[in-house]
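# Observations on the three-dimensional arrangement
This is what each chain is made of:
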Amino acid sequence: MGINQLCKRCKTAEAAVVSRKEPFCIACFRKFVSLKQRKQMMSDQYFQDIFKVMYPDKKKTAEEAERLNQGSRILVPLSFGSSSIVMLDVLNDTLTEQREMHRGKTGFRIDVLVCYLKDDLEELKRKAEALMTVKLRDNKNSVKVHLVDIESSMNSPDFTRIHLQDSTYMVRNASVSANEAQSVKELLSSCSNRSAREDLLNIIKTAIIKRFGVQGGYKAILWGHSTTRLADEIMSLVVKGRASQIANALNDSEEDFEYGEPLRNLHPMRDILLSEIDAYCFVSDLTQYLHKYKPQDTLLVNKIPVAPDAQPPRAKLTKNMTINELARQYFDGIEGSYSNVISTVVRTGAKLDDPENSLKSKVRCGICNNTVFCDGSHWLRNITVTSSHPIEDAEEEAMFRAWSASEQGKVRGEYLKLTSEMEISGHEFPVCYGCILTLGEVKHKSLIWPSSQSNSVESVIEDFIISDESDSEHEGH
Amino acid sequence: MSFTPPSDPKKPKSIKVSQLCELCHSRKALIKRPKNLQKICKLCFFHVFETEIHNTIISNNLFEYGEKVAVGASGGKDSTVLAYVLKLLNERYNYGIQIVLLSIDEGIVGYRDDSLATVKRNKEQYGLPLEIVSYRELYDWTMDEIVACAGVRNSCTYCGVFRRQALDRGAAKLGIRHVVTGHNADDMAETVLMNILRGDVARLEKSTAIMTQSSGSPIKRSKPFKYSYQKEIVLYAHYKKLDYFSTECTYAPEAFRGTARELMKNLEAVRPSCIIDIIYSGESLRLKPKRTKRAPPAGHVEVCSDGSVSLNGGDFVDGNRCERCGYLSSNRICKACMLLEGLQQNRAKLSIDRDVSTHGAARLTRTLEQLTF
């Protein structure tokens, strides 16, 4: 690549980024990414009504138009990864543009939602405040930030134990007292591998965000998933036996009833590759806001120099990777020779529909809250035999007796004891196939889950709103 | 002094309790099942492996009493175990089926001739009749010639299309209406992943069907190993000391499938149950109803990207037949006839008598193996 290559769009400025075989200057590249996101934000009438600035017309009065503008509140979950930061940046630019074009009027308001675990709180608070006071300063009145403790998802008056019997794949539950409750941290550390941990954390976070969206009466939740991220999400869902969720997860055109009230989801970054988002981060000086995420400079013309004392990244052992990471690694690996695979996967995923329901009624999974279409326990039982070949001679008989009496029998006994308790006091509990797998990778194949979450989330959030006052307080100090 | 017999060196006296089989708790565990990570002994392994296949056969009603069934036998591990297990289960549970081995000779010197020798031994070992159908007699081409003519890159396309037809024709010749193949759970999961990665919408919904049947064809196909892990099939063959041929085909494997296989291997290391999880996912894949396109002008003819001509209206018609050979086809002319025509155009007009230059890489390997000082 020549150093002095010109941008192919404006043909005046020097190219800084090469994407999809085309050289871009910084301004044109920012516009390219921004337009891709805005195209999705205008994808149907419902979203146009949210994002456009409304004026009085034949159908509505001036007051009604203003009410629509004020009432178009959207929820932006912010992970401080590159995608959600870039999405917020484009939304911020949209607001600024609207204020300039429409003499101070804007079409929508943004509520940013940050889910945190205690260890990250200080860092995230600092970054959120920096975002508000620097990047989002001009639109401060249209943007609000909420912080929610992930632990708050375990705030519940009653709890239930969900237990998997491995010999029959039966899942049962029984209520337990509140003092048996686990924290999220404890729950995560009881997982036997990273995939299960990631799965549970994801389920908890998604529940918080969607519940927050429903309770706050937001018009839509904007998810920052890039094409790349969606592709590995689709592949991972298939690998985790969760393919029946794909249709709902990608559905931007219909209402989502997962938490009672209707909710609209939007993936405005679905046409933008992660490498492009990372490049956008670099050229827009957004890297300072990233948390626990390292952007790749693959598309930049001038690569970011590596610090001389920097350690080369350690290659991860395949066994320690999560299913999502393996899917991502696969896409990274084939990018050269089969580059269109990523977008093919996302397009194929978008063509999927809910499977036919083979159950008598509509049931939701007691853990991840997705619709259950098929009895996973029954399916597994049908294809797995767990009976044994009979004991053949006296020697084997002796071994069996030795086993029955031994320590080994007791260790397994702890699990068996729990199982037989659940067999007596527990009830059959609806859980999707994917959650059966996750449950199997938790200690004692059993977890304590809140049985009702009421409105407890709301109360926790209010304490952490970074309001205008707290900002001015900071500025005052 | 009384006589104490020497201890058997092969059989350690004390088996630790922790080493016992998790199912019978009375014999030493030898195998860890990839499906649920249970450590089990050899006898319990045989028991669960055979019973699971029996359950698959029964719950899907694969066989009718008195039915004649052809086992697609390549001499490889899957089909060898399939022939063995089917014969065993047929006797044990009295399915009342007659089993015939059906082999296809693609004409790959140094590979297929050796594996066919294995099938011929199996015929004797299991006492089952054997029928061999060759590409030479059906198409007047061997795979070696096709590769010499069309290159090694597309070899799997030709071979796959031709074999599918050849199995049907072989079965029809024997008056058999049911072909069972040794496709295992790994193959099936790999296909599900590939269909998503390639965006092959037409195959997405059907890719996990255990039995495929068409109203226009008298011959149905089924896969009793749909839920059997390749690893367990290999172990079964190993512990039962079955006679199978383990060399891979010498022509290049499909490159894209290779990448999917690599991904599967990594996934399996992280979560061994993922193979059946993917099959479970595959069974729940369903497409949104197609948006109705604007009606094309009456009497239009659609030409597909591969040059085939679609049927009037462009819709899939079950049981449609090729205009040339009469085989099932979703287009006017079937894929095999299309490929054959392409080959025929490139065939050399003259050939040398007793020419062996078309023999592929396999032949060379065999020759080299046999060299001695």
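Because the structure is a prediction, the values reported are computed rather than measured. (Residues numbered from 1 in each chain as written. Chains lettered and ligands numbered in written order. Predicted model: local features only at pLDDT ≥ 70, side-chain atom pairs only at ≥ 80, totals over all residues. Heavy atoms only, no water.)

## Considerations on the overall build of chain A
The cut-off we apply is this: Under the DSSP-based scheme used, a helix requires at least four consecutive residues in state H or I and a strand at least two consecutive residues in state E, with every element numbered from the N terminus. Three exposure classes are used, based on accessible area relative to the maximum for each residue type with a 1.4 Å probe and protein chains only: buried under 20%, partly exposed in between, and exposed over 50%. Should any heavy atoms of two residues lie within 4.5 Å, those residues are considered in contact. Each accessible area is a Shrake-Rupley estimate made with a 1.4 Å probe; only the visible protein chains count as cover when residues are assessed.
Of the regular secondary structure elements, chain A holds 18 helices and 14 strands. A buried classification covers 52% of the 477 residues belonging to chain A. Look at the contacts in chain A between residues 6 or more apart in sequence, and 72% of them connect residues 24 or more apart. Looking at chain A as shown, the accessible area adds up to about 23,100 Å², and 51% of this sits on carbon and sulfur atoms.

## As for the pattern of salt bridges
Two side chains with opposite charge may pair up if their charged atoms get near one another. Rules: The rule for a salt bridge is simple: a side-chain nitrogen of Lys or Arg has to be within 4 Å of a carboxyl oxygen of Asp or Glu.
Under the defined criterion, the tally for this structure stands at 51 salt bridges over all chains. One salt bridge connects A:Lys210 with A:Glu258, and the closest N-O pair in it is separated by 3.0 Å. Of the two residues, A:Lys210 is situated in helix α7 (residues 194–215) and A:Glu258 in the loop between α9 (246–249) and β9 (265–266); the sequence distance between them amounts to 48 residues. With a relative accessible area of 8%, A:Glu258 lands in the buried category. Here B:Glu268 and B:Lys231 are joined by a salt bridge, their closest N and O atoms 3.6 Å apart.

## Some details on α7(A)
Residues and elements named next belong to chain A. Selection rule: A helix is expected to span 1.5 Å for every residue after the first. Each polar contact in these results corresponds to two N or O atoms within 3.5 Å; when the atoms are within protein, one needs to be able to donate a hydrogen and the other to accept it, and residues that are neighboring in sequence are counted only if both atoms are side-chain atoms.
Here α7 spans 31 Å end to end across 22 residues, near enough to the 32 Å set by a 1.5 Å rise per residue. Two to three positions downstream of the cap, the backbone nitrogen of Ser195 sits 3.1 Å from a side-chain oxygen, assigning the N-cap of α7 to Asn193. Among the residues trailing α7, Gly217 stands out with phi positive, at a value near 65°.

## Observations regarding the sheet that holds strand β4 (residues 98–105) of chain B
Residue and element names in this part refer to chain B. Spelled out, the test is: The pairing criterion is simple: DSSP has to find at least two bridges between the two strands. A fitted line through C-alpha atoms represents every axis, and for helices the fit uses only the stretch in contact; the resulting angles, taken between N-to-C directions, go from 0 to 180 degrees.
One open sheet holds the 6 strands; their spatial order is β5-β4-β3-β6-β8-β7, and the pairing between them is mixed. Single-partner strands in this sheet number two, and they are β5 (130–134) and β7 (211–212). Of the pairings in the sheet, the one linking β4 to β5 comprises 5 bridges and is parallel in character. Bridging across to β5, Asp105 finds its partner in Ser134. Against the sheet, helix α6 (residues 155–173) contacts β3 (68–72), β4, β5, β6 (178–180) and β8 (220–222), and its axis sits at roughly 135° relative to β4.

## A closer look at the side chain of A:Glu396
Within the secondary structure, A:Glu396 sits in helix α14 (residues 394–405). Given a relative accessible area of 11%, A:Glu396 falls into the buried group.

## What about helix α16 (residues 433–440) of chain A?
The buried fraction of α16(A) amounts to 7 of the 8 residues, a majority that puts the element mostly inside the structure. Buried within α16(A) are the following residues: A:Tyr433, A:Gly434, A:Cys435, A:Ile436, A:Leu437, A:Thr438 and A:Leu439. Turning to α16(A), the residues buried within the fold contact β6 (159–165), β7 (170–176), α7, α13 (376–383) and β14 (446–450) of chain A together with α11 (274–283) of chain B.

## Comments concerning the packing of aromatic side chains
Quick reminder of the rule: Side-chain rings of Phe, Tyr and Trp, where Trp is taken by its six-membered ring, are said to pair if the distance between their centres is within 6.5 Å; with planes under 30 degrees apart they count as stacked, over 60 as edge-to-face, and otherwise as tilted. Whether a charge lies above a ring is judged from NZ of Lys or CZ of Arg, which has to be within 6 Å of the ring centre and within 35 degrees of the ring normal.
With the rule as written, the count across this model stands at 27 aromatic pairs over all chains. Centroid distance A:Phe212 to A:Tyr218: 6.0 Å. Interplanar angle 15°. Geometry classified as stacked. For A:Phe212, a relative accessible area of 5% gives the class buried. Each member of the aromatic cluster is reached from another via a ring pair, and the members are B:Phe45, B:Phe46, B:Phe49, B:Tyr84, B:Tyr126, B:Phe225 and B:Tyr236. Between the NZ or CZ atom of A:Arg73 and the centre of the ring of A:Tyr218, over which it lies, the distance is 4.4 Å.

## Overview of the UniProt feature "binding site: ATP" (unreviewed entry) in chain B
All names here are of chain B. Condition: UniProt positions are given in the numbering used here, feature names are shortened, and annotations may be inferred rather than shown by experiment.
Per the UniProt record, "binding site: ATP" (unreviewed entry) is found at Gly72, Ala73, Ser74, Asp78, Ile104, Gly182 and Asp187. Within the secondary structure layout, Gly72 lies in strand β3. Every residue in contact with Gly72, bar those within four places of it in the chain, is listed here: Ser79, Leu102, Leu167, Val179 and Val180. Considering the arrangement of structural elements, one finds Asp78 in helix α2 (residues 77–93).

## Here's the deal with unusual backbone geometry
If a residue is not glycine, its phi is most likely negative; likewise, a peptide bond is most likely trans. Residues and elements named next belong to chain A. Unusually for a residue other than glycine, His444 sits at a positive phi of about 55°. Considering the arrangement of structural elements, one finds His444 in the loop between α16 and β14. You can call His444 partly exposed: its relative accessible area is 31%. For Lys445, which is not a glycine, the phi torsion comes out positive at approximately 45°. On the secondary structure map, Lys445 appears in the loop between α16 and β14.

## Observations concerning the side chain of B:Gln38
Mapped onto the elements of the fold, B:Gln38 is located in the loop between β1 (31–32) and β2 (39–40). Contacts of B:Gln38, omitting those with residues within four sequence positions, involve A:Thr386, B:Glu22, B:Leu23, B:Ile31, B:Lys32 and B:Arg33.

## Here we look at the packing of helix α12 (residues 341–350) of chain A against helix α7 (residues 185–198) of chain B
What counts, and what does not: Angle categories: roughly parallel below 35 degrees, roughly antiparallel above 145, roughly perpendicular from 65 to 115, and oblique for all the rest.
Running from amino to carboxyl end, α12(A) crosses α7(B) at an angle of 100°, the nearest separation of the two axes being 6 Å. What the angle tells us is that α12(A) and α7(B) run roughly perpendicular. On α7(B), the residues touching A:Val341, A:Thr344, A:Val345 and A:Thr348 of α12(A) are B:Ile196, B:Leu197 and B:Arg198.

## Let's talk about the pairing of strand β4 (residues 109–116) of chain A
Residue and element names in this part refer to chain A. Formally: A crossover gets the label right-handed when its path from the first strand over the helix to the second runs clockwise, viewed with the strands pointing away from the viewer.
For β4, the buried fraction is high: 7 of the 8 residues fall into the buried class. Direction of pairing for strand β3 (residues 73–77) relative to β4: parallel, over a ladder of 5 bridges. Its bridge partner lying in β4, Leu75 is registered against Asp111. The parallel pair β3 and β4 is bridged by helix α4 (residues 82–101), and the resulting crossover is right-handed. Pairing analysis gives 7 bridges linking β4 to strand β5 (residues 143–149), with the strands arranged parallel. Across the sheet, Cys115 pairs through a bridge with Val148, a residue of β5.

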